[in-house]
Amino acid sequence: MRDNNYFYRRLFEMIPGFLTWLTLGSLFIFAFIKPLWVAIFVITFDIYWVIRVGYLTLLLLFAYRRLEKAKKIDWLKKCEGAGTQYGLQLSDLYQAVLFPIYKEDFSVLNQSLSAIEQANYSKEKIIIVLSVEERGGDAVWENASRLLEKYSASFFKFIITKHPDGLPNEMQFKGANATWGAKVLKDFVDSKKIDYEKIVISCFDADTCAEREYFSCLAYHYITNPRRTRSSYQPIPVYNNNIWQARSIARILELGASFMQMIETMRLEKFVTFSSHSMSFKTLVDIDYWPVDMISDDSAIYWKCFLHFNGDYSVMPMYVTVSMDVATEKGVLDTMVKQYKQKRRWAWGVENFPYVMMGFLHNDKIPISKKLRRAFHLLEGHYTWAVWAIIVTFIAPLPLIFGGGLFRQTAIGYNLPSVSATLFRVSLFTLGTCIFITMRLLPPRPSGVKPQKMIVLILQWFVSPLVAAVLGSTPAIDAQTHLMLGKYIVHFNVTKKSREK
Amino acid sequence: MQKSDRIKRAIAFYVSVVLFFITLPIVLSYSLGYKIDFIALKIYKTGILYINSRPSGASIYIDGNKFRDVTPAQIENMRPGTYKVEVRRQGFYPWEKDLEVLPNMVTRADKIILFPVTQEMNRVSDYPITDFMISEKSGIYYLTRDGLFRSNFDGGAFKRLSAYSDWPSQIMGKKISPDNNKFLYFTKTNIFIAYLNPDNSIAEEPELARIEEIFVSRSRIVDVFWYSDSGYIIVVTEREIKAVELRGGKSRNVVTLFKFNSKPKGLYYDEYNDSIYFSDNSVMDIPSGAAPSSENYLYRLDLRQKFLDSLKQLLMKKETGDIDEG
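K.L.:
Could you give an account of the interface of chain A and chain B, naming the residues involved and the relevant values?
P.N.:
Facing the 21 residues of chain A at the interface are 22 residues of chain B. Every element with two or more residues in the side of chain A that touches chain B is listed here: helix H2 (35-71) and helix H16 (411-426) of chain A. Counting residues per element, the side of chain A that touches chain B draws most heavily on H2(A), which supplies eleven residues. Taken together, the residues of the side of chain A that touches chain B sort by class into 16 nonpolar, five polar and no charged.

K.L.:
An account of the environment of B:Val70 is requested, with residue identities and associated values reported.
P.N.:
All names here are of chain B. Along the chain, the position of Val70 falls in strand S5 (residues 65-70). Owing to 17 C-beta atoms within 10 Å, Val70 belongs among the partly exposed residues under this scheme. For the pair Val70 and Arg300, spaced 230 residues apart in sequence, the C-alpha to C-alpha distance is 51 Å. Sequence-distant contacts of Val70, that is, excluding residues within four places in its chain, are made with Gly57, Ala58, Ser59 and Ile60.

K.L.:
Describe the confidence of the model for chain B, listing the residues and the values that go with them.
P.N.:
Residue and element names in this part refer to chain B. Across chain B, pLDDT averages 85, with 87% of residues at or above 70. Confidence, expressed as mean pLDDT per element, reaches its minimum in chain B at helix H2 (residues 305-317) with 68 and its maximum at strand S4 (residues 59-62) with 96. When the criterion is pLDDT under 50, residues 320-326 qualifies, and its contacts beyond four places in sequence or with other chains add up to 13 contacts. For this predicted complex, the interface score ipTM comes out at 0.81, while the overall pTM is 0.72.

K.L.:
Which residues make up unusual backbone geometry, and what values do they have?
P.N.:
All names here are of chain B. Here the amide bond leading from Arg54 into Pro55 is cis, since omega sits at 0 degrees, within 30 degrees of zero. With respect to the helices, strands and loops of the structure, Pro55 is situated in the loop between strand S3 (47-54) and S4. Here the bond from Thr71 into Pro72 is cis, since omega is 0 degrees, no more than 30 degrees from zero. For Pro72, the location among the structural elements is in the loop between S5 and strand S6 (73-78). Positive phi, close to 50 degrees, is recorded for Asp63, a residue that is not glycine. Mapped onto the secondary structure, Asp63 falls in the loop between S4 and S5.

Definitions and cut-offs
Residues numbered from 1 in each chain as written. Chains lettered and ligands numbered in written order. Predicted model: local features only at pLDDT ≥ 70, side-chain atom pairs only at ≥ 80, totals over all residues. Contact = placed C-beta atoms within 7 Å. Helix = DSSP H or I, 4+ residues; strand = E, 2+ residues; numbered from the N terminus. Nonpolar A, V, L, I, M, F, W, Y, C, P; charged D, E, K, R; others polar. Buried ≥ 20, exposed ≤ 12 C-beta atoms within 10 Å, placed from the backbone. pLDDT = per-residue confidence, 0-100.

Right under this line is the structure:
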């Protein structure tokens, strides 16, 4: 059985990378030997892609409207008496916020905690847990101690704990640290004899600044959800903390990630937790916390719940934002390297595919149709991520380059550039929408930033296909190839979060 | 997700699917060169004609029918076959050709030059001339009965450079030197050089140009070329190839580089590599006793820097013999 498990796991690990390489490789080869076929494929793919992007843009607009509507809601007021019929009152609810920390600066954490302190939610019902990696060094622990001193009086409880390095079965990943912090929290909760279901826990990245309404909004969704323990609660991540200072390349990618997350809120059948999110503490304890050996802990926790509850688990979108840092550096090249590493870590979420497939193999209670649907969505998401921008940007011109004079004399060889250009013009609608939403989501321009920067923020979108190809698809191919070859990423490449003083 | 959002999303999804299946065959068939006749419900293979001209903006006639666009124009959905295509623009000679349109292919006629009917023609100078010479660097030189004159390319700044007027009646060829400071002209047996910037500081009446006969050949001159340093000329006669040094006045050096077995038929001077290509029916080294071949062969004589070095050595060894007086 063990051998079978190994065989299937390796098989599922190979599938995404194999499909990606098969697609790109065969397109490249056929561009030489059958340029006509590739040209037909490219046109078909371009049409599919333009229509798909148009469809997703509509979903983005729907989500944006929901976000705008939600901004006008006084969630705290809405909570009053709302949970009575669902057996949980606001007054009984505690909120825990867990920050797994590695080496983040004091200023980064201070800003995140300050945001929580300013929330329009009773601080007496909020528990803060700073789980500090032991290997992060003494300076981080000292920062945590300073924060404890500064904020302990503001909250119901402020816990700092040190996650020992090298515990059995753990990898040096964030999920291991988060699990440690959650277990410390459990000890505290047990000592206070609080019902786990009456605690909703948010696992935040160190730089996550919650919107003022975040905890009220979360509380409302939690207490009014009759199946509150069978849901995760996902806010919209935005990258506003340093967006005005960030490099355009980094900004496009992070905004793209925000937009994709907004779109996903409209596609609940494939919605998965991402980055900072919340869930019932009871659920977290029931499923035995985050996986301690997976990099993509944010999405893996969802799949762990999904398998644990035999497919009866979902993610509830919350139209409220949490703001994080754009991964940027002063130089363009350094920014590209930083973005590449961060995106590769995100793309390593492809490890969920073998994890979920193995779970499906051993679970007879999830309906087969649901298994197929979810497996397809998961695979398609990672496959598309890896190939689309490469096809649109690099594969599309290949038939003309390698097809030779005879191909260029054919009608399709002659028409290919103009058809592609027309389809690209159609997709300008999407660019326009992205520019519009970017402008609306932007925080006010800081005093030190010139007004001309606004022009850069608009023009940056016109290089997005190229940026997507270089820093979108390539890290995904890199991650899938590593997984396919069994060369696992065993070191969690933390994106350094620090502020300029 | 709210119910209204679900409905809107479902509508958007199904519209997208329908749009894809409608757009795909239309765009693909257009790209491949097919035309769909929706009334007859038939698909035809077509070809494309691409016409462009210089100048652009010319009218296009296909089998006598005027096309709606002017050049450059892409004429699509053409049934395969041969068409009489005319490109016309007022004030220009028309262009006309039978072009074949092939199915799913593009026929290009995109390098059409339309020549103007009335070309612009001006008399550059009112001065009667015997001959003239053009230097890209310094302008036009006029060989007249009253001397050598120069003007710019519009005929302006007309000026006499020299009173010399003894121009031969039959000039066989003329060439400006690579340094643009002199030109040569030659007759059947004589070669002349016009120095355009001579050093006349000691002359009583300094002239701006000086003409000098530098070589008289015993056999008929076929062609003369400038050596790249502008200090030598390569003279090809019906019998020999010679190098003539310009410096030295009466004692200038002349070297015979090659003697033909027969009158050369083909001749080409590669001015970038200072090599001369010619045909001859001899071989370089005929074995003793062997009969000369009657076939012509192409030869190349390399006159690059090593030629100059060997020439210097030759000149040091020889005072007479192959060295003639010019």
